Amino acid sequence: MTQPYTPLNPPQKALSGQDKHSFGYSTLSTRLPVIVSKIVDDVYRSYHSLSDSDPFKKEKEQEAKKIIELIGGLRYELQRDKPFRPLTDKREDVEEWNQALATYYPTSSWYKASWLFSECYLYRRIKEAFALTEHWKDYDPFFQQKRTVFKSSQKAVVSMAVQLTTPVVPGTKLSVLDLKVQEGPDSKGTRDAFFEMVQVSLWGNATDLSLLDNPDLEKVEELQKRMLSSSTSSNASSANASPAASTVHLDQLGVVKNPEEHASELEKHADKILSNDSELLWSKVKSLRNGRVDIILDNAGFELYVDFVIADYLIRAGFASEIVFHAKRIPWFVSDVMPADFQWTLDQLHHPQPSSSDSSSSSPYFFNPSDPIEQQALLALGQKWQSYVDKGTWKIVSHEFWTSCYSFYHLPTHPSTQDLFESMRQSDLWIFKGDLNYRKLVYDCKWPTTTPFTEAIGPLGQGEKNEKAEGVPTLVSFRTCKADVVVGLAEGVEAKMDQIEPNWMVNGEYAVISVSP
Ligand SMILES: O=P(O)(O)OC[C@H]1O[C@](O)(CO)[C@@H](O)[C@@H]1O
């Protein structure tokens, strides 16, 4: 079956910077130049901190200046809507990218092409500047930002670590989560924990760097309060733990205050989920036993941490025995996960820091909770999750397709995705995280908001006008809305939201949980 749609022939009108009222226009004209400027600043700081003892200091400085010149030139191109040009590095995806440019956009430019193409092309051009060097080719200009936001997430990270590992029943190793799932996949505890995990996974996407251009750490903490409430509210009411035991233990940690209050915190945000297919998702998940679940990742840092949390839940509940995490091969959309970020995040939980790092902290660890129980919870969680990786229960993979210009409509049929698609067909459930993945699922088009999700995802779903490609399993998108495209809404929701909050589609305050069975 050939794919009838192409970037020049999308299923609906493609979002584009040509529309001055679009989020694509403001992203291209305002937000991306800021992101580009921050990369220049980061490279400048990096090369100015090179040690004099570095034998390659001179070469690194020369190369850094070339990177800054190339990246600075991007800002100029964006601001003047200069024509696209072919990529000049030697990465394995360069032919594919230049083929797409020549086929779809031979005479186009940043504001004339689709927003999706232009924004993906921008990040690929950023990679080109580093790929053309010897000493900076694997450098991640976003790593410091990823690190900062993760560091500032300590409160929520520790709180969840305690729920997942701290024994709450004297004489046992059972944590609150263990207790909830110990009655088996069909139990109320397992079901309750599932719905909490879905909220945690969804709102973890809200603390995203690319929207928080200057990571406002108060905002990060405020956003994470949602997860804090969801994970603690379930604990206090956990079916099997003696409330006294769990509350006493967790209370000692100052984690569980008043479950009702935390629950209301969660309810406060439930109405921000504009389309919620959680029940439909549960009807699929609850039938899985020792299945395979693929998580197409989004952001590093705290969002990746909560991806680990839901992955751990799926294993402990017996729904999955294999989780395949899909990362990006190049720095992407500021904070997307690369394989190095995956391992780094695990390491921060339980590996002592190299002496050179954060000297301000007395603790040898990345996180430095005062309470030894909390420190122990982080160590135990890091060791547990590392053992999943060592045993092959958790696998981290990457493919060039995820950093291509293509919508996911092309996953089943594109020549260079056959290896990826053949592997993913073995999966029982695909979990897509975040806004960019959502945009690529729906071809980043201006669909009517009432279009069924299963229709808007083309060959990945079964709709009245579209046929699901052979081998595509159930899929779900956990997405906070950060782009002016959304589908699957009931009649009237768009009009109501336009009344309440004009920026509701793009401000990251609202979300959808969309399932294709
Ligand atoms: O990290 P996420 O959730 O994919 O968000 C990335 C999104 O942020 C933006 O850059 C603007 O907010 C979008 O263009 C992009 O889809």
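The shown structure was predicted, so the numbers you read here are calculated from the model rather than taken from an experiment. (Residues numbered from 1 in each chain as written. Predicted model: local features only at pLDDT ≥ 70, side-chain atom pairs only at ≥ 80, totals over all residues. Heavy atoms only, no water.)

As a structural note, the neighbourhood of the ligand is formed by 16 residues, with Glu-119, Asp-298, Asp-435, Leu-436 and Arg-439 the closest of them. Take Glu-119: an N or O atom from its side chain is 2.7 Å from an oxygen atom of the ligand. The side chain of Asn-299 places a nitrogen or oxygen atom 3.1 Å from an oxygen atom of the ligand. Contact with the protein chains covers 100% of the free accessible surface of the ligand, which is 390 Å². Sort the elements by how many residues they give to the shell around the ligand and helix α17 (residues 435–441) lands first, with 3 residues. (Near = heavy atom within 4 Å. Polar contact = N/O pair within 3.5 Å; in protein donor to acceptor, adjacent residues only side chain to side chain. Areas by Shrake-Rupley, 256 points an atom, 1.4 Å probe, with all protein chains shown as cover. Helix = DSSP H or I, 4+ residues; strand = E, 2+ residues; numbered from the N terminus.)

For the rest of this paragraph, the subject is the sheet that holds strand β7 (residues 511–516). Read across the open sheet, the 7 strands follow the order β1-β7-β6-β5-β2-β3-β4; overall the sheet is mixed. Strands at the two margins of the open sheet, each flanked by one partner only, are β1 (273–276) and β4 (394–398). Taken pair by pair, the neighbouring strands of this sheet meet at an average axis angle of 15 degrees, ignoring direction. Bridge count for strand β3 (residues 320–327) against β4 is 5 bridges, and the pairing is parallel. Across the sheet, residue Ala-327 finds its bridge partner in β4, namely Ser-398. Sitting on the sheet, helix α8 (residues 188–204) is in contact with β1, β5 (429–433), β6 (474–480) and β7, with an inclination near 55 degrees to β6. (Pairing = 2+ DSSP bridges. Axes fitted to C-alpha atoms, helices over the stretch in contact; angles between N-to-C directions. Contact = heavy atoms within 4.5 Å.)

Its 17 residues place the ends of α8 24 Å apart at the C-alpha level, agreeing with the 24 Å of an ideal helix rising 1.5 Å per residue. Along α8, 14 of the 17 residues are buried, which leaves the element largely enclosed by surrounding structure. (Expected span 1.5 Å × (residues − 1). Buried < 20%, exposed > 50% of the residue type's maximum accessible area, 1.4 Å probe, protein only.)

In this structure, Gln-163 sits in helix α6 (residues 154–165). As a C-alpha pair, Gln-163 and Val-397 span 234 residues in sequence and 28 Å in three-dimensional space.

Here we come to the pairing of strand β2 (residues 291–296). Most of β2 sits inside the fold, with 6 of its 6 residues counted as buried. The side-chain alternation of β2 yields two buried faces, one formed by Gly-291, Val-293 and Ile-295 and the other by Arg-292, Asp-294 and Ile-296. Tracing the backbone out of β2, into helix α13 (residues 302–316) and back to the parallel element β3 gives a crossover that is right-handed. For β2 and β5, the ladder comprises 4 bridges, and the chain directions are parallel. Looking at β5, one finds that Ile-295 is bridged to Ile-431. (Right-handed = clockwise from strand over helix to strand, strands pointing away.)

Okay, the packing of helix α14 (residues 339–350) against helix α15 (residues 372–391) next. In helix packing, the relevant descriptors are the interaxial angle and the interaxial distance, both defined with respect to the helix axes. The contact between α14 and α15 brings their axes to 7 Å, and the two run at 145 degrees. The handedness of the crossing between α14 and α15 is left-handed. Here α14 contributes Phe-342, Gln-343, Leu-346, Asp-347, Leu-349 and His-350 to the contact with α15, which in turn contributes Leu-378, Leu-379, Gly-382, Gln-383, Trp-385, Gln-386 and Val-389. Per-class residue counts for the contact of α14 with α15 are 7 nonpolar, 5 polar and 1 charged. (Left-handed = near helix turned anticlockwise from the far one by under 90°. Nonpolar A, V, L, I, M, F, W, Y, C, P; charged D, E, K, R; others polar.)

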